[in-house]
Amino acid sequence: MNQALAGIDFAPVIPLWLLAGLAGLALLALLPALLRLTRDANGARRWQPARGAFLRALAFAALLLALANPRLVEETRQMRPDIALLLVDRSASAGLSARPEQITAARDEIEARARRLPDLELRTVEVPEGGNQGTRLFSAMERALADIPRARLAGVMALTDGQVHDVPPAPTLDAPFHQILPGQPGEVDRRIRVIEAPGFGIVGRPVELRVVVEDLGARPDASGAARLTIRRDGQPPRVESVPVGREHRISVPIERGGQTVVELTAETRPGEVSDLNNRTVVSINGVRDRLRVLLVSGEPHAGQRTWRRLLKADPNVDLVHFTILRPPEKDDLTPLHELALIAFPVRELFQVKLREFDLIVFDRFGNRGLLPPVYLRNIADYVRGGGALLLSVGPEFAGPTSLAATPLGQILPARPQVGPGAAQASLLEQPFRPFVTELGARHPVTENLPGANSFTAEGANLAEATWGRWYRALRADARAGSTVMQGPGDTPLMVLDRVGEGRVALVLSDHIWLWSRGHDGGGPQGELLRRIAHWTMKEPELEEEDLTARIDHGTLTVTRRSLEPAAAPEITVTAPDGTITRHAAELRGAGRSVVERPAMQAGVWQAGDGRRTAFAAAEAPNPMEVADLRADATPLAALVAATGGATRWLGTGAAPLVPELRRVAIGRDAQGGTGAGWIGLRRNGDHSVTGITALPLLPPWLALPLVLGLALLAWRREGR
């Protein structure tokens, strides 16, 4: 829009400093005439201007005015419309209850009212969910302001619940900032906040959580209490009464390795905004503290140090190692005071402290009466109760000192042949390459071992195997468990079995040490023995029959692992809100089948395959956003006050109470009084000049006769 504006300005014909000097000289010339001392008729002295002094002053003034060159200037201006910015909060907290409808209705009404205001352009920016960084309202505002000249900015209006997480420490906005909030003041929200939660816990020991239940926006009540429901891995819940606003400690037992998922739910407070933040989940990874291993070696052999090196290399293993070098029936008449060997503490190890060990390893141990049957029976009971036993056997396993002929044989998954000449027949001494069975290709202990053979539809592809050869194995009959490796003539070479609550591993050869020497190309000796030892100790990542669930970046991944070649059953997934869905698992090879699906709800997700159940914890995708769900004017109050803005509430009625928009002059406080119902948008008057016309008010042809005329009149007046 064009606008004409007239005014008077000056265009001096001489420099200003010279004009000021002439004015000073004129004043000096006038002072004697203006301040002349005279006597009246009574002889009294008084100050009286001389005749013609005022005319002389007018002549000087006319001269100076002519030199100042006054002009009548008329500008033609192109006015630019002011721009107002409307920010619309679309974050998670602004989407609760009736807030989205209120905010949308208020936006439509503000846009309609802005269109009716002349010389105003309204730009609307929606602020989306900010991921895990909370509501980034001011980041969106700065991006929008980058395209708006500050000289045209009329003001910023924010339709938000006030939960903004990028408020600048010092306001840099030079226009009114108004916040318009849904609902009304005084909302209350109950939340549960985790003060401290350990990420790891020792299996067999409880860990402690520190939490607090808070009522935001409510008056503190020292006697207030709330019921807190605690669920651990889907077990029956327990309920505790906790004081509101004060720290509460919760003891959580860690009973197994891997993830333990704890869900905490505070009861809903009447009248609170939402119970979305009344629930939280904590994941605790159960680990074993310094696994205690008992290694008992029999007669010396070339690979005796293999197990010791493996177990000593693991920093989480406390190893107790005994080597039986002297059987009890041997007596070489050496005096006792000259013996450097200590007596084998049979009773202490296999009765008193047996259950303190996580794993017992027998390396080519032949029972020559050193361990009475009662102690071997203790070991069998130890395994049935949850212990772990690992045997690496040699020729002694097929002889009369075999552990298979003791009470320990009841829990072994394979036995040597018996009968006349069976000991010699059970000993296979010939070169052979170990290979993984079809079942072993699915077992976590032996799957994907470097250099192992593969399996095709026709069977084992032994040509791919690059492992070095062994030269001795024991022929035994596998009666239980899983045969994961085979030797010459398809004889079992490694058998793994679950006995009661415990595990047993049997390696039917003492030549695995050849791999560590690199003989004939070597093999993954260290990795294989590590997996065997950790499988017997029930490490979660080596479970062959298992169901696990995890949530990464909003995706739930359920992995079913099984040695069964049959197709995987459907996986049932239960969301935190109780919604149940069923999914067909996708086969991924090596006994694994996987289900992937979105998991955006915060809380505990449950997955089951009909026999096993797994749990996964999903945290809130934007924890800052759900920390406080009230509509609160406090976070933006300082900015509103500093910019002269206003805070208005939309109310709880069917139609939102949208404030009126008014244009205000620069410098006027845009904040209306209580109940005024309006917010101000600054009128900047930004423009560009399209034309200028200047008319001299005292041109030379008029200035010269005016100055001369006044000077002549002054001379005539003073001459009388």
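Positions within a chain are numbered from 1, following the residues in the order the chain's sequence is written. Note on the predicted model: pLDDT of at least 70 is required for a residue's local features to be given, and 80 or more for side-chain atom pairs to be given and counted; whole-chain, interface and lining totals, by contrast, use all residues. By convention in this description, side-chain values take in all heavy atoms of the structure and omit both hydrogens and water.

Any chance you could explain the overall build of the protein chain here in plain terms?
A tally of regular secondary structure across the protein chain gives 13 helices and 42 strands. Using a 1.4 Å probe on the protein chains alone, a residue whose accessible area is under 20% of its type maximum counts as buried, one over 50% counts as exposed, and one in between counts as partly exposed. Taken over 720 residues, the protein chain has a buried fraction of 47%. Taking as baseline every contact in the protein chain between residues at least 6 positions apart, the subset at least 24 positions apart corresponds to 71%. With an accessible surface of roughly 35,700 Å², the protein chain has 54% of that area assigned to carbon and sulfur atoms. Helix and strand assignments come from DSSP, with helices taken as H or I runs of at least 4 residues and strands as E runs of at least 2, each series counted from the N terminus. Note on contacts: a residue pair is in contact if any heavy atoms of the two residues lie within 4.5 Å. Here, Shrake-Rupley sampling with a 1.4 Å probe gives the accessible areas, and only protein chains in the shown set may cover a residue.

Sorry, what's going on with helix α5 (residues 305-313) here?
Along an α-helix, residues three or four apart share an orientation, since each turn contains 3.6 residues. Within the span of α5, buried status applies to T306, W307, L310 and L311. Down the axis of α5, the smallest arc covering the buried residues is 115 degrees, so these residues share one side. Facing away from the buried side of α5 by over 90 degrees, the exposed positions are R305, K312 and A313. Against the buried residues of α5 lie β17 (291-297), β18 (317-323), β19 (359-363), β20 (388-392), α9 (513-516) and α10 (525-536). Relevant arc is that of directions from the helix axis to the C-beta atoms, nothing else.

Before we go on, may I ask you to explain the sheet that holds strand β34 (residues 580-583) in this structure?
In a beta sheet, neighbouring strands pair by backbone hydrogen bonds and run either parallel or antiparallel. Pairing is antiparallel across the open sheet formed by four strands, whose spatial order is β34-β33-β37-β38. Single-partner strands in this sheet number two, and they are β34 and β38 (613-618). Looking at each pair of strands side by side, their axes are set apart by 20 degrees on average, direction ignored. Pairing between two strands requires that DSSP report at least two bridges joining them. Relative to β34, strand β33 (residues 571-574) is paired through four bridges, and the arrangement is antiparallel. Bridging from a neighbouring strand, T572 pairs with R582 of β34. All axes here are fitted lines through C-alpha atoms, helices being fitted over the stretch that makes contact, and every angle between N-to-C directions spans 0 to 180 degrees.

Can you walk me through a positive patch on the surface in this structure?
Only residues whose relative accessible area exceeds 30% and that form no salt bridge are eligible for patches; like-charged ones are grouped when within 9 Å, while nonpolar side chains (Val, Leu, Ile, Met, Phe, Trp, Tyr) are grouped when within 5 Å. We define a salt bridge as a contact between a side-chain nitrogen of Lys or Arg and a carboxyl oxygen of Asp or Glu at a distance within 4 Å. Think of it this way: Lys and Arg go in the positive column, Asp and Glu in the negative one, and His and the chain ends go nowhere. Throughout, a charge is located at the NZ atom of Lys, the CZ atom of Arg, the CG atom of Asp or the CD atom of Glu. There is a patch of like positive charges on the surface, built from R305, R308, R309, K312 and R517. Residue R309 is classed as partly exposed on the basis of its relative accessible area of 46%.

Explanation requested: the packing of aromatic side chains in the structure shown.
Two aromatic rings, taken as a pair, are described by how far apart their centres are and by the angle between their planes. Ring pairs shown here join Phe, Tyr and Trp side chains whose ring centres sit within 6.5 Å, with only the six-membered ring taken for Trp; geometry is labelled stacked below 30 degrees between planes, edge-to-face above 60, and tilted in between. Applying the stated criterion across every chain yields a total of five aromatic pairs. Taking the centre distance of 5.7 Å and the plane angle of 20 degrees together, the rings of F138 and F177 count as stacked. Of this pair, F138 sits in helix α4 (residues 137-145) while F177 sits in strand β8 (residues 177-181); the two residues are 39 residues apart in sequence, bridging distant segments of the chain. You can call F177 buried: its relative accessible area is 0%. Judged by centre distance (5.0 Å) and plane angle (55 degrees), the ring pair of W470 and W515 falls under tilted. Here W470 is found in the loop between β25 (459-461) and β26 (473-474), whereas its partner W515 is found in helix α9, with 45 residues between them in sequence. Of the aromatic side chains, those joined through ring pairs into one cluster are F432, W467, W470 and W515. Taking NZ or CZ as reference, R503 lies 5.1 Å from the ring centre of W535, over its face. The criterion is that NZ of a Lys, or CZ of an Arg, lies within 6 Å of the ring centre and within 35 degrees of the ring normal, and then a charge sits over that ring.

What's the story with empty space enclosed by the protein in this structure? I'm lost.
Summary: where empty space remains is shown by rolling a probe the size of a single water molecule over the atoms. In this analysis, the protein atoms alone were mapped onto a 1 Å grid. Cavities are point sets where a 1.4 Å probe fits without being able to get out; pockets are open sets with protein on both sides within 12 Å along at least five of seven lines; lining residues have an atom within 4 Å of a point. Grid points are joined across faces, edges and corners, and a volume is the space filled by probe spheres set on the points. One pass over the structure, following the stated rule, counts one cavity of 30 Å³ or more. If you go around the largest cavity, the residues you meet are H301, G303, T306, W307, D363, S392, D510, I512 and W513. When residue character is reported, Ala, Val, Leu, Ile, Met, Phe, Trp, Tyr, Cys and Pro are called nonpolar, Asp, Glu, Lys and Arg charged, and the others, Gly included, polar. Residues of the lining of the largest cavity, tallied by class, amount to three nonpolar, four polar and two charged.

Explain the layout of surface pockets to me, please; I cannot follow it from the model alone.
The volume enclosed by the largest pocket comes to roughly 990 Å³. Surrounding the largest pocket, 31 residues form its lining, R256, P540, D546, L547 and T548 being those nearest its centre. Residue assignment for the lining of the largest pocket shows that the elements contributing at least two residues are β15 (258-266), β30 (502-507), β31 (546-552), β32 (555-561) and β38. Element by element, the count of residues in the lining of the largest pocket is highest for β31, at five residues. Looking at side-chain class alone, the lining of the largest pocket contains five nonpolar, 10 polar and 16 charged residues. Lining the second largest pocket are 25 residues, with R279, T280, A620, P623 and V626 sitting closest to its centre. Those elements giving two or more residues to the lining of the second largest pocket turn out to be β9 (189-196), β16 (279-287) and α11 (623-626). In terms of residues, the lining of the second largest pocket owes the most to one element, β9, which gives four residues. Residues that form the lining of the second largest pocket fall into these classes: 14 nonpolar, five polar and six charged.

Which parts of the structure should I look at to understand unusual backbone geometry?
Comment: phi is negative for the bulk of residues other than glycine, and the bulk of peptide bonds are trans. Its identity as a non-glycine residue notwithstanding, R364 has a phi of 50 degrees, on the positive side. Position of R364 relative to the elements: it lies in the loop between β19 and α7 (373-384). For N448, which is not glycine, the phi torsion reads 55 degrees and is therefore positive. With respect to the element layout, N448 can be found in the loop between β23 (435-436) and β24 (454-456).

Is there a simple way to think about the sheet that holds strand β35 (residues 586-589) in this case?
Taken in spatial order, the four strands line up as β31-β32-β36-β35 in an open sheet, and their pairing is antiparallel. Unpaired on one side and paired on the other, β31 and β35 mark the two borders of the sheet. The average angle at which neighbouring strand axes cross in this sheet is 25 degrees, direction not considered. In this sheet, β32 lies alongside β31 in antiparallel orientation, the contact comprising seven bridges. From the neighbouring strand, L547 faces β32, where its bridge partner is R560.

Any chance you could explain a nonpolar patch on the surface here in plain terms?
Taken together, the side chains of W17, L18, L22, L25, L27, L28 and L31 make up a nonpolar region of the molecular surface, amounting to roughly 710 Å² of accessible area. Here L18 shows up in helix α1 (residues 16-34).

Could you clarify how one ought to interpret the pairing of β8 in this entry?
Looking along a regular strand, one sees the side chains alternate between the two faces of the sheet. Most of β8 is tucked away, with five of its five residues classed as buried. Of the two faces of β8, both are covered, the one formed by F177, Q179 and L181 as well as the one formed by H178 and I180. Both β8 and strand β39 (residues 647-649) contribute to a ladder of three bridges, which runs parallel. Of the residues in β39, the one forming a bridge with I180 is R648.

Sorry, what's going on with the packing of α5 against α10 here?
Between two packed helices, both the angle of their axes relative to each other and the distance between the axes serve to describe the pair. It is at 10 Å that the axes of α5 and α10 come closest, and there the two elements cross at 75 degrees. On the basis of the axis angle, α5 is roughly perpendicular to α10. Contact residues: T306, W307 and L310 in α5; Q525, G526, L529 and R530 in α10. Its residues assigned to classes, the contact of α5 with α10 shows three nonpolar, three polar and one charged. In what follows, roughly perpendicular refers to angles from 65 to 115 degrees, roughly parallel to angles under 35, roughly antiparallel to angles over 145, and oblique to any angle outside these ranges.

I tried to follow the environment of V393 on my own but got confused; where do I start?
As for its position among the elements, V393 is in the loop between β20 and β21 (414-416). The spatial distance from the C-alpha of V393 to the C-alpha of F365 is 7.2 Å, given a sequence separation of 28 residues. Not counting the four nearest positions on each side in its chain, V393 is found in contact with R364, L474, L506, V507, L508, S509 and D510.

How should I be thinking about the pattern of salt bridges in this particular structure?
Pairing between side chains of opposite charge can happen when the charged atoms of each approach one another. A complete count under the given rule lists 49 salt bridges for this structure. Of the charged contacts in the structure, one is a salt bridge between R249 and E247, with a shortest N-O distance of 3.3 Å. Taking the relative accessible area as the measure of exposure, R249 reaches 47% and is therefore partly exposed. Two residues, R531 and E527, come together in a salt bridge whose shortest N-O distance is 2.8 Å. Here E527 and R531 lie together in helix α10, a separation of four residues that amounts to about one turn. Since its relative accessible area comes to 11%, R531 is described here as buried. Among the charged side chains, a network of salt bridges with common partners joins E545, R560, E564, D609, R611 and R612.

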